[in-house]
Amino acid sequence: MQSTEPNITLRERIETLKREKNAVILAHYYTRPEVQAVADFLGDSLALAVKAQSVEADIILFAGVHFMAETAKVLCPDKKVLIPCPEAGCSLADSCDAAEFAAFKAQYPDHKVVSYVNTTVGVKALTDICCTSSNALKVVQSIPEKQPLIFAPDHNLGSYIQKLTGRQNMVIWNGACHVHEEFSLEKLLALKREHPQAKIIAHPECRAYIVEVADYVGSTGAMLTYCGESDASEFIVVTESGILAEMRKRYPHKTFIPAPPDDETCGCNNCRYMKMVTLENICSTLERESPAIELDETVRRQAERSIRNMIAIQ
Ligand code: 13P
């Protein structure tokens, strides 16, 4: 655990660098609380993609995982998009290699492709329309019911949307998020018995048996809104634990209890990739203006179409 003193110095240095370089920091809710504190904009995957396209600064530093910074670069090719930790991947994006996906897609030539933004730019280039957990239902519903679909790469989200829409003509890629797959139903129900008044709120990347017992299912941004609007004062939160910082900040009079993963010693309700972004690597990345995201222009343009198709319907 770091002492507060170096954090204050680092925070000041980061603020100075942002001003000097006309840079903004976009951060996802799953990052460390001290990283969220230096962000100019904090959001879920959809809000961050929408925000990226209207940023006026010269530099965007993306405090999040690799696919998020890539999405910002796809939308803002003329800006410098910095990623403090290029090794910060995503188990979902890693589960769907673009070449393998191209071969899979070739087996279903009459299917339209809906891909989660948690994919590489190569997979987005093979996609008709992207979605995030906030808008997956809306995106799928925007496609005529008779049109067969490929949904990639999150199997849990795909199955959840299939259940909500009753749509049978959906082929779903078998990928999963290493954080959301780990929650234990038994431990969740035990926690609910200890806190009978608490509402269970879950991310749709969780397994079906978790989603079934949840009082509310939604993206990180939607969960935050729900906690504010709900009369309940206690919530059991079944998603990555980084979101708790923003929940407690926004609603200090309410109680938020993190749901335990199956193996409580593994710290699996922490995304190890999101936690790789630190004040130290943000500061050095801003100083050096590197590493920056670079993309092949042909692939970028193809990927941009699928992201813009999503933003058009949000
Ligand atoms: P949202 O930001 O849409 O909630 O999803 C976060 C995410 O990437 C989960 O893996």
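See the structure printed just above.
The structure contained in this document is the topic of the report that follows.

1. Side note on the overall build of the protein chain
Now for step 1: From N to C terminus, the protein chain includes 15 helices and twelve strands.
Now for step 2: Taken over C-alpha atoms, the radius of gyration comes to 19 Å for the protein chain, in line with the 20 Å a tight globule of 314 residues would show.
Now for step 3: Along the first, second and third principal axes, the C-alpha atoms of the protein chain reach 55 × 55 × 35 Å.
Now for step 4: Counting the 314 residues in the protein chain, one finds 55% classified as buried.
Now for step 5: When contacts within the protein chain are restricted to residue pairs at least 6 apart in sequence, long-range pairs at least 24 apart make up 64% of them.
Now for step 6: Total accessible area on the protein chain stands at roughly 13,600 Å², and carbon and sulfur atoms take up 49% of it.
Now for step 7: Taken together, the 33 basic and 41 acidic charged side chains of the protein chain have centroids lying 4 Å from each other.

2. Considerations on the site of the ligand
Now for step 1: Within the structure, the ligand sits among His-28, Tyr-30, Asp-44, Ser-45, Tyr-116, Asn-118, Ser-133, His-203, Glu-205, Ser-219 and Thr-220.
Now for step 2: Contact between the ligand and His-203: an oxygen atom at 2.9 Å from a side-chain N or O atom of the residue.
Now for step 3: Glu-205 places a side-chain nitrogen or oxygen 2.9 Å from an oxygen atom of the ligand.
Now for step 4: Given that more than half its atoms are within 2 Å of the pocket grid, the ligand belongs to the largest cavity.
Now for step 5: Split by residue class, the shell around the ligand holds two nonpolar, seven polar and two charged.

3. Notes on the sheet that holds strand 6 (residues 129-131)
Now for step 1: Taken in spatial order, the four strands make up an open sheet running 6-5-7-8, and their pairing is parallel. One side of each edge strand has no neighbouring strand; the edge strands of this open sheet are strand 6 and strand 8 (170-172). Recorded for the sheet is a direction-independent mean angle of 25° between the axes of neighbouring strands.
Now for step 2: Two strands pair when backbone bridges link them, and strand 5 (residues 112-116) and strand 6 are joined in this way by three bridges, in the parallel orientation. Paired with Val-114 across the two strands is Ile-129, which belongs to strand 6.
Now for step 3: Here helix 6 (residues 98-106) sits on the sheet in contact with strand 5, strand 7 (149-152) and strand 8, set at roughly 160° to strand 7.

Reading the values: rules and limits
- Residues numbered from 1 in each chain as written.
- Predicted model: local features only at pLDDT ≥ 70, side-chain atom pairs only at ≥ 80, totals over all residues.
- Heavy atoms only, no water.
- Helix = DSSP H or I, 4+ residues; strand = E, 2+ residues; numbered from the N terminus.
- Rg over C-alpha atoms; globule rule 2.2 N^0.38 Å.
- Buried < 20%, exposed > 50% of the residue type's maximum accessible area, 1.4 Å probe, protein only.
- Contact = heavy atoms within 4.5 Å.
- Areas by Shrake-Rupley, 256 points an atom, 1.4 Å probe, with all protein chains shown as cover.
- Lys, Arg positive; Asp, Glu negative; His and termini not counted.
- Charge placed at Lys NZ, Arg CZ, Asp CG, Glu CD.
- Near = heavy atom within 4 Å.
- Polar contact = N/O pair within 3.5 Å; in protein donor to acceptor, adjacent residues only side chain to side chain.
- 1 Å grid on protein atoms, 1.4 Å probe; cavity = no way out; pocket = protein on both sides within 12 Å on 5 of 7 lines; lining within 4 Å.
- Sits in = over half its atoms within 2 Å of the grid points.
- Nonpolar A, V, L, I, M, F, W, Y, C, P; charged D, E, K, R; others polar.
- Pairing = 2+ DSSP bridges.
- Axes fitted to C-alpha atoms, helices over the stretch in contact; angles between N-to-C directions.

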